[in-house]
Amino acid sequence: MARFRIPWMVLMALAAASLGFGFAQSARQQTLVIGGDWTDLITLDPGVAYEFSPVPILDNTYQRLVQFPGTDLSHVVPDAAQSWDIGSTPDGGSTITFHLEDATFSTGRPVTAQDVVWSFDRVIQINGPSAFLFTDVAGMKVGSTKALDDKTVQLTLPKGVNPQIVLNMLTFNIGGIMDATEVKQHVQDNDYGQKWLNDHSAGSGPYMLDRWDRGSQVVLVVNPEYSNPPSIKRVILRYMQESNAQRAAITSGEIDVAYNFTPDAFKQAQQDSDLKAIKTDTFQMTYLGMNSGPGAPFADNRVRDAVRYAVDQGSIIDELLGGLGRPMQTIIPAGLMGADTTTYFPYDIEKAKQLMADAGKSGGMSVEFLIPTGACGGGVPCADLAAKVQSDLAKIGITANIKQTTSAQLYTIYRQQAAELVLAAWSPDYPDPNGNASPLADYNAKSLAWRNVWNDATGTKLATEAAVSTDPAQRKDLYAQLTKYVAQNGPFAMLYQPVYPIVTTAKVDGFARSAQGDVDYTAISKQP
Amino acid sequence: MLAFLLRRLGYLIFVVWGVGFAAFFISHVVPTDPAAAALGSNARPAQIEAYRQKHGLDLPAYQQYVRYMVDLFKGDLGNSLRTQRPILSDLRDFFPATLELTLGAMLFAVLFGVPTGVIAALYQDRPMDLVVRSLALMGGATPVYWLAILALELFHSRLGWLPGPGELSPYLFEPHRVTGMMVVDAAIAGDWAAFGSAVRHLVLPAVVLGAFSTALLARMVRSAMLEVLSQDYVRTARAKGVSGRVVVFKHALRNAALPVLTVMGSLLGSLLTGAVLTETIFSWPGIGSYATSSAIGLDFPAVMGVTLVAGLAYSLINLLVDVLYAVFDPRITYA
């Protein structure tokens, strides 16, 4: 009898192994592995995080009151709030009243208006790097958010704050709603639960945080309380700083999505039938800043116009970026309300030379050209981009002497209004045209207009009016005037709007990344 | 011996102080602003000022130094500007992975470097010796960066023999953290699937990191062996009829071990601190990766923490080598 036992055991072992293999297969199909450089992750607390990498993690773990529909960022749609009304206060301010729908936190507790109040007040009390969005941009204080009943929450905004801007801003992770009861249980040393939230989540989004192994991976698992279970049950963000490492790992199938392909590698991926090369939007702008203060090299707008005509945007995008950018010449990029995609300055060397002559600079001029180390938007080395700009400007008699520094040092100089010509990038702090209009056009905002010493009454007036206008049509009209005015008079020569290259394996369906960096993991599925 | 140890440990304080002072000095002459780096390009002047005040960056350099040293003597390396966490807990998180990688690389270097060096010495100037010497030259001259990318492309992407970047397959669950070294923790947990995956993940980065050390070790062993093999006592042993194996391993190798030991000590130190590139390419969550992102983010307290720990590790390893000297060579005593 004993002799027959062995084959049985072998068979059973084989069956178990194949069963295990089947499980492994379906586990693979339900797991999405994303390789990227996540080294900017320092916190997973939605009320504090203000870096790029946490955006998709937090947007998938915490519901906000409102959200953008997928990659369309021109209007908001319901998230935790099913509807909202905008009203006004006697002193000229406004209110937004949100009506919550039924939702459950991953902890099992229902989402209530009190949780919203606590989450928003907490942001202001912690006063982290993103809190200025609430306190400065929205003029909110502790007490501005009130629970009218369990399912109704009211936000009171002071005079001069535009509720449309606040709605757009609430789509950002700062508006994440957390389970107040849960987080309060994990407060240590008065930290509002910040420490605990780095290794746990307490939101009502489709996923919850399983673990964050610093320097190694962030793991999200599906929230068992979420009403509509997604096809991907586990999302793993693996730290992979090197683009070569990402390329090797996606070719072998060890990762499904790669975030940091170089333009060259992206070009190759476009030819590879096993991969999908996706160009995703950004709100970033790569630009030249020209010091326009009295006595500065670019004080005369004709010289600034000459630079704008002399920069060959087309060849920068095609040759240097390998197509990973789109032309732009105004201060509001494509994708945002009020975007202006007009070409005000077609490449025209003769016209540029004429403008230099009109400005009395036909003998040429020499400026210091400050550029950062590393890669600029679209993955092109900043040094290469600067060399191209340098050769374009040389054609109209401007000698740009390149000085390359770390970006931290560059911004130190730039902030002191001490840069003559600078190569830099800008992204709005929140996805609303005012996120660009005010810093780039209003000198008093002490941001880009200020750094380039461009103190212009029209720019300031238009930006301020558009910021407070609550009539969408009027706002759009004001931004049309402003973008045209700054394009033709401002201190910038825009170079391009980078697109963000993402590569997935051909098996991944439904991957889309918004210009804000958000990715809806529930929309993704993986073929076997 | 005890007096020697105490004296050396006493010196250690000065070494660490020196390293700390140098790191502090360098980080403060660099003409850049950590606040600007931490807050990004959009930050307004008021935000930057507040940040500098909060972290004491607005104080004169000597005051910052005194503050730092006082904390250091209390065993507090300060908080990272970037992660906002105590640097000690950051290092606790990242150091074990580096230690694991370094030990893997050292193991590879010893397993391959020592025998090849012995073989090369025994077959001096014959084809075998030539092969070993050429390989050693190549190993010593190949940049780690290039070797890492090449190895990843060939053995992972093309041939599929070994897994890619990271410590563990993403489809496996990490074992409970005990030592922080994935291979050890998987073994402790008895999770053999994770253990296998962790070992396989360790192979490529360890070999890449260890390549230079292997080459250097092979050359050192070869020349030390050649010197010893020509000594009178080896000839005598051979004349007495002692078997070839005993002559090589007992008489020659043990005596050749002394110079090799010195090299191994400094190699271990340089592996610990030199893993920056390897860790970055292989996405290894060690202090090399931590140091890179800290340096890019101008996180000076973190960079100084890594520097201090590296200096300490280097000194301790050197001390260990000196102690081992006495073990290997009875003529050496310390007082």
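Residues numbered from 1 in each chain as written. Chains lettered and ligands numbered in written order. Predicted model: local features only at pLDDT ≥ 70, side-chain atom pairs only at ≥ 80, totals over all residues.

### Things to note about the overall build of chain B
Helix and strand counts for chain B come out as 14 helices and 0 strands. Its C-alpha atoms give chain B principal-axis dimensions of about 85 × 55 × 40 Å. Every one of the 335 residues in chain B was classed for burial, and the buried ones make up 41%. For chain B, the proportion of contacts with a sequence separation of at least 24, taken over those separated by at least 6, is 71%. (Helix = DSSP H or I, 4+ residues; strand = E, 2+ residues; numbered from the N terminus. Buried ≥ 20, exposed ≤ 12 C-beta atoms within 10 Å, placed from the backbone. Contact = placed C-beta atoms within 7 Å.)

### Here's the deal with the overall build of chain A
Broken down by element type, chain A carries 17 helices and 21 strands. For 528 residues, the compact-globule formula gives about 24 Å, and the C-alpha radius of gyration of chain A, at 26 Å, lands near that figure. Projected onto its principal axes, the C-alpha coordinates of chain A cover approximately 105 × 65 × 40 Å. (Rg over C-alpha atoms; globule rule 2.2 N^0.38 Å.)

### A word on the pairing of strand β16 (residues 398–405) of chain A
Residue and element names in this part refer to chain A. Inspection of the sheet shows strand β15 (residues 365–372) paired to β16 by 8 bridges, in the parallel sense. Residue pairing across strands places Leu370 opposite Lys403, the latter belonging to β16. Viewed along the sheet, the connection from β15 through helix α12 (residues 382–394) into β16 turns out right-handed. (Pairing = 2+ DSSP bridges. Right-handed = clockwise from strand over helix to strand, strands pointing away.)

### Looking at the environment of Pro224 of chain A
Along the chain, Pro224 of chain A turns up in the loop between β9 (217–222) and β10 (234–239). Counting along the chain gives 119 residues from Pro224 of chain A to Phe105 of chain A, while the straight-line C-alpha distance between them is 9.4 Å.

### Some points on the packing of helix α14 (residues 434–441) of chain A against helix α17 (residues 472–489) of chain A
Residue and element names in this part refer to chain A. Orientation of α14 relative to α17, taken along the N-to-C sense of each, is 40 degrees, at an axis distance of 12 Å. Relative to α17, the element α14 is oriented oblique. Regarding α14 and α17, the two cross each other, and that crossing is left-handed. Across from Ala437, Leu440 and Ala441 in α14, the residues of α17 making contact are Tyr479, Leu482 and Val486. A per-class count over the contact of α14 with α17 returns 6 nonpolar, no polar and no charged. (Axes fitted to C-alpha atoms, helices over the stretch in contact; angles between N-to-C directions. Parallel < 35°, antiparallel > 145°, perpendicular 65-115°, else oblique. Left-handed = near helix turned anticlockwise from the far one by under 90°. Nonpolar A, V, L, I, M, F, W, Y, C, P; charged D, E, K, R; others polar.)

### Some thoughts on helix α10 (residues 232–240) of chain B
In terms of residue burial, α10 of chain B counts as a barely covered element, since only 0 of its 9 residues are buried. Looking one or two places after α10 of chain B, you find Gly241 of chain B, whose phi comes out positive at around 95 degrees.

### With respect to the sheet that holds strand β1 (residues 31–36) of chain A
Backbone-to-backbone hydrogen bonds pair the strands of a sheet. The strands run either parallel or antiparallel. Residue and element names in this part refer to chain A. With mixed pairing, 7 strands are arranged side by side in an open sheet as β8-β9-β10-β1-β11-β19-β12. The two strands at the open ends of the sheet, each matched to only one other strand, are β8 (207–213) and β12 (275–280). Taken together, the 6 bridges between β1 and β10 define a ladder with parallel strand orientation. Directly across from Leu32, in β10, lies its bridge partner Val235. Together, β12 and β19 (500–505) form the strand contacts of helix α8 (residues 263–271), whose direction differs from that of β12 by roughly 125 degrees.

### Comments concerning α12 of chain A
All names here are of chain A. With 13 residues, α12 should cover 18 Å at 1.5 Å per step; its first-to-last C-alpha distance of 18 Å lies within 8% of that length. Restricting attention to buried positions, one finds in α12 the residues Cys382, Leu385, Ala386, Val389, Asp392 and Leu393. Taken end-on, α12 shows its buried residues confined to a sector of 120 degrees, consistent with a single buried face. Looking at the buried positions of α12, the neighbouring elements they touch are β13 (285–290), α9 (301–310), α10 (313–320), β15, β16 and β17 (421–426). (Expected span 1.5 Å × (residues − 1). Arc of directions from axis to C-beta.)

### Thoughts on the pairing of β19 of chain A
Residues and elements named next belong to chain A. Relative to β19, strand β11 (residues 257–258) is paired through 2 bridges, and the arrangement is antiparallel. In the sheet register, Ala258 faces β19, and the bridge partner there is Val503. In the sheet, β12 pairs with β19 via 6 bridges, with the strands oriented antiparallel. In the strand pairing of β19, Lys276 is matched with Thr504.

### Notes on the interface of chain B and chain A
Each side of the interface is counted separately: chain B has 38 residues, and chain A has 35 residues. Secondary structure elements with two or more residues in the side of chain B that touches chain A: α2 (34–39), α5 (87–122), α7 (144–158), α12 (276–281) and α13 (287–296) of chain B. Considering each element in turn, the side of chain B that touches chain A owes the most residues, 5 residues, to α7 of chain B. Taken together, the residues that form the side of chain B that touches chain A break down as 17 nonpolar, 14 polar and 7 charged.

### Structural notes on the confidence of the model for chain A
Residue and element names in this part refer to chain A. Taken residue by residue, chain A gives an average pLDDT of 91. The fraction at 70 or more is 95%. This stretch, residues 1–6, has a pLDDT under 50; its non-local contacts, to residues over four places away or in other chains, come to 0 contacts. The low-confidence segment residues 16–22 (pLDDT under 50) makes 0 contacts with residues lying over four places distant or belonging to another chain. (pLDDT = per-residue confidence, 0-100.)

### Things to note about the sheet that holds β13 of chain A
Residues and elements named next belong to chain A. Read from one edge to the other, the open sheet built from 6 strands follows the order β14-β18-β13-β17-β15-β16, with strand pairing classed as mixed. Lying at the two open borders of the sheet, with one neighbouring strand each, are β14 (325–326) and β16. Relative to strand β18 (residues 492–498), β13 runs antiparallel, the two being bridged by 4 bridges. In the strand pairing of β18, Tyr287 is matched with Met494. Packed on one face of the sheet, α12 meets β13, β15, β16 and β17 and runs near 165 degrees to β16.

### Structural notes on the environment of Thr262 of chain A
All names here are of chain A. Examined against the element boundaries, Thr262 turns out to sit in the loop between β11 and α8. Residue class for Thr262 comes out partly exposed when judged on the 19 C-beta atoms lying within 10 Å of it. The spatial distance from the C-alpha of Thr262 to the C-alpha of Pro501 is 8.2 Å, given a sequence separation of 239 residues. In this view, Thr262 contacts Ser243 and Gly379; residues no more than four positions away in its chain are not counted.

### Examining the nonpolar core
The biggest cluster of nonpolar side chains holds 245 residues, and the ones touching the most others in it are Leu288 and Ala437 of chain A together with Val221 of chain B. Per-element tally for this core: the top contributor is helix α9 (residues 192–229) of chain B, with 21 residues. Setting aside anything within four residues of it in sequence, one finds Ala437 of chain A in contact with Ile331, Ile332, Ala463, Ala466, Ala467, Tyr479 and Leu482 of chain A. (Core = buried A, V, L, I, M, F, W, Y, C linked by C-beta atoms within 7 Å.)

### Considering the confidence of the model for chain B
Averaged over every residue, the pLDDT of chain B is 84; the share at 70 or more is 97%. For this predicted complex, the interface confidence score (ipTM) comes to 0.79, while the overall pTM stands at 0.84.

### Points about the packing of helix α1 (residues 2–29) of chain B against helix α14 (residues 300–328) of chain B
All names here are of chain B. Across the interface, α1 lies against α14 with an axial gap of 9 Å and an inter-helix angle of 150 degrees. What the angle tells us is that α1 and α14 run roughly antiparallel. The crossing of α1 and α14 is right-handed. Residues Arg8, Leu12, Val15, Val16, Val19, Gly20, Ala23, Phe24 and Ser27 of α1 form the contact with α14, whose participating residues are Phe300, Val303, Met304, Thr307, Leu308, Gly311, Leu312, Ser315 and Leu319. Residue classes in the contact of α1 with α14 are distributed as 12 nonpolar, 5 polar and 1 charged.

### Brief notes about unusual backbone geometry
Residue and element names in this part refer to chain A. Even without glycine at this site, Asn127 takes up a positive phi of about 55 degrees. Following the sequence through the fold, Asn127 ends up in the loop between α3 (113–126) and α4 (132–137). Of note in the backbone geometry, Tyr192 takes a positive phi value of approximately 55 degrees without being a glycine. Looking at the secondary structure, you find Tyr192 in the loop between α6 (180–184) and β8. By C-beta crowding, Tyr192 is classed as buried, having 22 other C-beta atoms within 10 Å.

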